[in-house]
Amino acid sequence: MEMEEHLKSCTQSKSKCLSTKFIGVFVSSLFLVIILFHIQYSSPFEFSLSARSQRWGLLSQENYSGVIETMTEELKKSVTFLPLVDLRFRDTATTGHTWFISSLNDTLEENEAEHLYFPSKASDGRLLCFKGRDNRDGTKNSYALAWRGSLPDSTILLEGLTFVSDTYYNHDNLWHGICAMTPLVGWSMKNECLKPARWVLFHWGELRLRMGSWLQQLMQANFGEVKVEGFDRGDVPYCFEKAVVMRHDLGQMTQENKLKVSDLLRCKARSYCGLNPSGKGTEINERGFPITRFTLLMRRGSRSFKNGTAVTDIFAKECVRVEGCILQVVQSEDLSFCDQVKVLTNTDIVASPHGAQLTNMLFMDRGSSVMEFFPKGWLDNAGPGQYAHHWMADQSGMKHQGAWWDPIGVECPSPQDHLHCFLFHKDGMVGHNETYFAEWAGRVIDQVRLSKVERASVNQEKQQHDSKACAC
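Because the structure is predicted, anything quoted here is derived from the model rather than measured.

### Quick notes on the pairing of strand E8 (residues 238-246)
Then step 1. In terms of residue burial, E8 counts as a mostly covered element, since 7 of its 9 residues are buried.
Then step 2. Where strand E2 (residues 116-118) meets E8, 3 bridges bridge the pair, whose relative direction is antiparallel. When the sheet's bridge partners are listed, Leu-116 is paired in E8 with Val-245.
Then step 3. As paired strands, strand E3 (residues 127-131) and E8 are joined by 3 bridges and run antiparallel to one another. Residue pairing across strands places Leu-128 opposite Phe-240, the latter belonging to E8.
Then step 4. Two elements, strand E5 (residues 156-167) and E8, share 8 bridges in a ladder whose sense is parallel. Within E8, the residue paired with Leu-158 across the bridge is Phe-240.

### Side note on the confidence of the model for the protein
Then step 1. A residue-level look at the protein finds 80% of positions with pLDDT of 70 or above and a mean pLDDT of 85.
Then step 2. Overall, residues 1-23 carries pLDDT values under 50, and its contacts beyond four positions in sequence, including any with other chains, amount to 0 contacts.

### What to know about the packing of helix H7 (residues 308-321) against helix H12 (residues 434-455)
Then step 1. Between H7 and H12, whose axes approach to 9 Å, the crossing angle comes to 35°. The chirality of how H7 crosses H12 is right-handed. Judged by residue contacts, Val-311, Ile-314, Phe-315, Lys-317, Glu-318, Cys-319 and Arg-321 of H7 engage Glu-434, Phe-437, Ala-438, Ala-441, Gly-442, Ile-445 and Asp-446 from H12.
Then step 2. Of the residues that constitute the contact of H7 with H12, the class distribution is 8 nonpolar, 1 polar and 5 charged.

### Examining the state of the cysteines
Then step 1. Counted by the stated rule, this structure contains 6 disulfides.
Then step 2. Across the disulfide from Cys-129 sits Cys-239; the S-S distance is 2.0 Å. Between Cys-129 and Cys-239, the disulfide has an S-S torsion of 105° and is therefore right-handed. Here Cys-239 lies in strand E8 and Cys-129 lies in strand E3, a separation of 110 residues in the sequence.
Then step 3. In this structure Cys-129 comes out as buried when scored by relative accessible area, which is 0%.
Then step 4. The disulfide bridge from Cys-267 ends at Cys-470, spanning 1.8 Å between sulfur atoms. The sign of the -120° torsion about the S-S bond sets the Cys-267-Cys-470 disulfide as left-handed. Of this pair, Cys-267 sits in helix H6 (residues 255-272) while Cys-470 sits in the segment after helix H14 (466-469), and the two are 203 residues apart along the sequence.
Then step 5. Taking relative accessible area as the criterion, Cys-470 reaches 27% and is therefore assigned partly exposed.

### Brief notes about H12
Then step 1. Across its 22 residues, H12 extends 32 Å between first and last C-alpha, which sits within 8% of the 32 Å expected from 1.5 Å per residue.
Then step 2. Taken residue by residue, H12 has Phe-437, Ala-438, Trp-440, Ala-441, Gly-442, Val-444, Ile-445, Val-448, Ser-451 and Lys-452 as its buried positions.
Then step 3. Looking at the packing, one finds that the buried side of H12 touches strand E9 (292-298), H7, strand E10 (325-331), strand E11 (349-353), strand E12 (369-374) and strand E13 (399-405).

### A word on unusual backbone geometry
Then step 1. With an omega of -10°, the peptide bond running from Phe-118 to Pro-119 counts as cis.
Then step 2. With respect to the helices and strands, the residue Pro-119 is situated in the loop between E2 and E3.
Then step 3. Located in the positive-phi region is Ile-101, a residue other than glycine, with phi close to 50°.
Then step 4. Here Ile-101 shows up in the loop between strand E1 (82-83) and E2.

### A word on the nonpolar core
Proteins that are soluble and globular tend to have nonpolar side chains buried together.
Then step 1. Of all hydrophobic cores here, the largest spans 49 residues; its most connected members are Met-181, Trp-199, Met-211, Leu-218, Met-219 and Phe-363.
Then step 2. For this core, the secondary-structure elements that each account for two or more residues are E5, helix H4 (174-190), strand E6 (198-203), helix H5 (213-223), E8, H6, helix H8 (337-345) and helix H10 (388-396).
Then step 3. No other element matches H4, which puts 9 residues into this core.
Then step 4. In contact with Met-219, not counting residues within four places along its chain, are Met-181, Val-185, Trp-199, Met-211, Gly-224, Val-226 and Leu-265.
Then step 5. Grouped together as the second largest cluster of nonpolar side chains are 24 residues, Val-85, Trp-99, Tyr-143 and Leu-145 included.

### Concerning the sheet that holds E13
Then step 1. Across the sheet, 5 strands lie side by side as E10-E9-E11-E12-E13; this open sheet has parallel pairing. A single partner strand is all that each edge strand has here, and the edge strands are E10 and E13. Strand-to-strand twist of the sheet, defined as the mean angle between neighbouring strand axes without regard to direction, takes the value 15°.
Then step 2. Direction of pairing for E9 relative to E11: parallel, over a ladder of 3 bridges. Across the sheet, the residue bridging to Phe-294 is Ile-349, located in E11.
Then step 3. Across the sheet, H12 touches E9, E10, E11, E12 and E13, and the angle it forms with E13 is around 175°.

### Observations concerning H10
Then step 1. Here H10 has its buried residues at Ala-388, His-389, Met-392, Ala-393, Gln-395 and Ser-396.
Then step 2. Positive phi shows up at Gly-397, right after H10, with a value of about 85°.

### Digging into the packing of aromatic side chains
Then step 1. As enumerated under the stated definition, the model contains 32 aromatic pairs in all.
Then step 2. Geometrically, the ring pair formed by Trp-214 and Phe-337 is edge-to-face, given 6.2 Å between the ring centres and 70° between the ring planes. In this pair, Trp-214 is assigned in helix H5 and Phe-337 in helix H8, connecting sequence segments 123 residues apart.
Then step 3. On the basis of relative accessibility, which here comes to 7%, the residue Trp-214 falls in the buried class.
Then step 4. Counting every residue linked through ring pairs, the aromatic cluster contains Phe-294, Phe-305, Phe-315, Phe-373, Trp-404, Tyr-436, Phe-437 and Trp-440.
Then step 5. The residue whose ring lies beneath Arg-126 is Trp-147, and the NZ or CZ to ring-centre distance is 5.4 Å.

Rules and cut-offs
- Residues numbered from 1 in each chain as written.
- Predicted model: local features only at pLDDT ≥ 70, side-chain atom pairs only at ≥ 80, totals over all residues.
- Heavy atoms only, no water.
- Buried < 20%, exposed > 50% of the residue type's maximum accessible area, 1.4 Å probe, protein only.
- Helix = DSSP H or I, 4+ residues; strand = E, 2+ residues; numbered from the N terminus.
- Pairing = 2+ DSSP bridges.
- pLDDT = per-residue confidence, 0-100.
- Contact = heavy atoms within 4.5 Å.
- Axes fitted to C-alpha atoms, helices over the stretch in contact; angles between N-to-C directions.
- Left-handed = near helix turned anticlockwise from the far one by under 90°.
- Nonpolar A, V, L, I, M, F, W, Y, C, P; charged D, E, K, R; others polar.
- Disulfide = S-S within 2.5 Å.
- Expected span 1.5 Å × (residues − 1).
- Core = buried A, V, L, I, M, F, W, Y, C linked by side-chain atoms within 4.5 Å.
- Phe/Tyr/Trp six-rings, centres within 6.5 Å; stacked < 30°, edge-to-face > 60°.
- Lys NZ or Arg CZ within 6 Å of the ring centre and 35° of its normal.

And the structure:
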């Protein structure tokens, strides 16, 4: 009876019982969700996994960094410095395989002097480094290649562009110096007129701390301040961010490019010295004759004229003979750099004994004339070097009107030994031959005067090469 009553009661309140049951299940489920949420974000097990993952990540990064550091150290240790000059190639230093940085082949570009550039594909992206500053033995100085990220310890990195020049001769002499610098100027012209932050100079791999005053001012006229690196901050490696190396002087540079460099240097030197050659070449005197300026460029000591007064008189007489000819006699040793630029800028014909002072022909207009004189003994014993100013005339656009070799003087005591005889005659003085000098001078003056007459009607801008020469 009681069971029936209970069933009856439940049946009557069925809906009420189901509602109560649903509420209980919902509350229990919600409680379970809260517990699971708490476990997920607070479980010591899960925290332990997370920390372990982070530690493995840190260990991986540490291992990677360690590998990089180890590789960098190994690369630093693998940088090998070699002698700057290789004595195996000493006998072919100027004609065959170079002995300066001998392990690397030159970059050859059409019409340009052979050179090396760092960093480049040829150097596998490595920088050029030097060590040592010996000025007597090039084998005691050394070079190496290294990647920027693995430079040897204690390295001093020199920022910017560096010009490196090694010459078999020297950077003091005007002629030899300009032959060493011309390819660097040419490289700059070809590469958007880039200017060096510094210069490094070598002779046979021996460090040189200066270039001659004349050459330095000429480079300063073109590039601005000239800083010659002396590696004086300790006996450590010095590496260059960028470097151009010239080690063959003019090398395979073409005549056309030599002329372009000469035009640029001429223009820059005139500007540096405050000269404006506008109108030069079309000057006339009060009677309408073209002016021809003849300069007798004297020197003292070796290879000077024995009788300078007599030589001056010969040329003065020939100059007076030609309407419009003006003779000036100057002593080369007494002239500053800008004095030399001014004198030769205002010269159509220069006559001078063989010597470095003749390199100043660079400052004359293209097509000007050069006359050269030698002491006795040079023709037979001096070798090809006596034609240096013939070559200078060619590369600067001048007309070398010939040379006179003095036939009179003391004979060499051992005529079969050319080296001994050259040294015997090297610093001799130059005599004169009045008849020959007069005829020669007269012929050259007449040629120059005639060419000036012919050019008088031509537009001056077509005659001067300075209009485009100062493009840098």
